[in-house]
Each structure stands twice: as C-alpha cells, then as structure tokens.
Amino acid sequence: LMLRPVAVYEVVREEGEEELARPVTALWWSGLAAGISIGFSLAAEGILHAHLPDAPWRHLVESWGYTVGFLIVILARQQLFTESTLTVMLPVLAEPSRARYRAAGRVWGVVLAANMAGTALFAYAVAADAIFPETYREGMRAVALHLMEDDAATLFWRAIVSGWLVATVVWLLPSSENAAFFVIATITYLIALLASPISWLAPSTSSS
C-alpha cells in the first residue's frame, strides 16, 4: 500500500512528537544502544575486508557490511542522531515555539552524547581484544583508516549527502511495509559507496 505524501508526513510527525516527549533516561539508553549497534557496521565491513581478496571489486562487496548496524538500529527503533534530526524537526516546524526548540535540543544533545558513548564502548571492546580476533580487527582498522583519507571539505560534502539519504530512509519506511529490510539495506549500502575515499574508487594501476 503506497501512502499519500500527507499520510507519510503525519506518520513521521507523530513519531517526532513521541521523541520530543520521551524522558531523558529513555533517550539515553536507547541512544547508547544505538551507538553500540552501529559499531557492527564497521565490524561487518572489517570481517568482509579480512576474508575478501585484494581486488578492485572488494569494496563493492564489503560495503554491504555497512548496512548491518543501520538494520539493527532502525528495525529495533533505537535512537540514532542522524535519524532524529529530521523526525524531531517536523513537529517543531509545524508548531514552532521556544518550548519545542528546547525539547528538540534536549533530544539531539542526549542522543548525540549517548551515541558517542556507545560507539566509544564498542571501540574500546574492539581495541581491548574482547570480542574479535586479530584478523578481523585488522580488517576494521583498514576500513577505518581508508575512511579518513580524504580532506575535510570532501568529508563535509559527503556527510551532507549521507544525511540526506538517511532522511530518505525515514520518509520511505512508512510506505515500505514488509520491504523495510530492503529499503534500509539499499539506501545505507549506497551511503557506504558514496562515502568511500576517492583512492578506493579509482581503478587500480600496476607499474611495470
């Protein structure tokens, strides 16, 4: 069933109203869980990186790992900052007031802090060799280092595109019904491809 644009807007706006009304403790624990869960995107990419040969197509396959964390977060309805930006703003823009702006700032502040704490916990567990073997940790390290190769301006514009795509997921889900898994996986896979360093996208050349 394809929902009309007005119906989609109302669904997302109502979700935003619910988020604005959520207590700080609920936002914090949900955001902490999301921060930990999103770490499995890097883990899945790193595991695939470790098992795949060093070929030009390797990044096309390992990028599917990026979808794992988002699937966990979105299907489990955990609080992720990049998702909350659009959802929370709809009710604020519909009925703007100082109280609503403060409520939106509260949601963003708590969720962002909780997400960062969750990712820090996940990173600590990886660095402390508490979960993954060395081979997988090396794969994760390789993926992470490559993501940091480009300059700040390039990363900035790619972040804008990625944010737009995450917002697109929020708009698509009300109409997706049983296809939610495929919607999330497809859009986040595209984010992984677009967020790739230029050096990964360029054809490999061998010197004679």
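Residues numbered from 1 in each chain as written. Predicted model: local features only at pLDDT ≥ 70, side-chain atom pairs only at ≥ 80, totals over all residues. Heavy atoms only, no water.

Draft legend 1. Quick peek at the overall build of the protein chain. On a plain count of helices and strands, the protein chain comes out with ten helices and zero strands. Each helix and strand of the protein chain, placed in order from N terminus to C terminus, yields the pattern α-α-α-α-α-α-α-α-α-α. Taking 17 Å as the expected radius of gyration for a compact globule of 208 residues, we find that the protein chain reaches 18 Å, a close match to that expectation. Projecting the C-alpha coordinates of the protein chain onto the three principal axes gives extents of approximately 65 × 40 × 35 Å. Out of the 208 residues in the protein chain, the part that is buried amounts to 41%. A separation threshold of at least 6 residues defines the contact pool for the protein chain, and within that pool the share at least 24 residues apart is 79%. (Helix = DSSP H or I, 4+ residues; strand = E, 2+ residues; numbered from the N terminus. Rg over C-alpha atoms; globule rule 2.2 N^0.38 Å. Buried < 20%, exposed > 50% of the residue type's maximum accessible area, 1.4 Å probe, protein only. Contact = heavy atoms within 4.5 Å.)

Draft legend 2. Molecular detail of the nonpolar core. Within the largest apolar cluster, 13 residues are counted, with the highest numbers of intra-cluster contacts made by Phe70, Leu80 and Ile184. Elements that contribute at least two residues to this core include exactly α2 (24–51), α4 (66–75), α8 (152–176) and α9 (180–194). Those residues in contact with isoleucine 184 that lie beyond four places of it in its chain are Phe70, Leu71, Ile74, Leu75, Val169 and Leu173. Judged by nonpolar contacts, the second largest core, of ten residues, contains Leu20, Val92, Ala103 and Val111. (Core = buried A, V, L, I, M, F, W, Y, C linked by side-chain atoms within 4.5 Å.)

Draft legend 3. Up close: the pattern of salt bridges. All told, the structure shown has nine salt bridges when counted by the stated rule. Put simply, glutamate 10 and arginine 13 hold a salt bridge, and the shortest N to O gap is 2.9 Å. A residue pair is termed a helical-turn pair when its members lie 3 or 4 positions apart in one helix, as glutamate 10 and arginine 13 do in helix α1 (residues 5–21) at three residues. By relative accessible area, which is 18% here, arginine 13 ends up buried. Overlapping salt bridges, with partners in common, bring together Glu10, Arg13, Glu17, Glu95 and Arg100 in one network. (Salt bridge = Lys/Arg side-chain N within 4 Å of Asp/Glu carboxyl O.)

Draft legend 4. Here's a closer look at the environment of alanine 104. Mapped onto the secondary structure, alanine 104 falls in helix α6 (residues 98–127). Once the C-alpha coordinates of alanine 104 and aspartate 54 are considered, the two residues, 50 residues apart in sequence, prove to be 45 Å apart. Excluding anything up to four places from it in sequence, alanine 104 contacts Leu20, Val88 and Val92.

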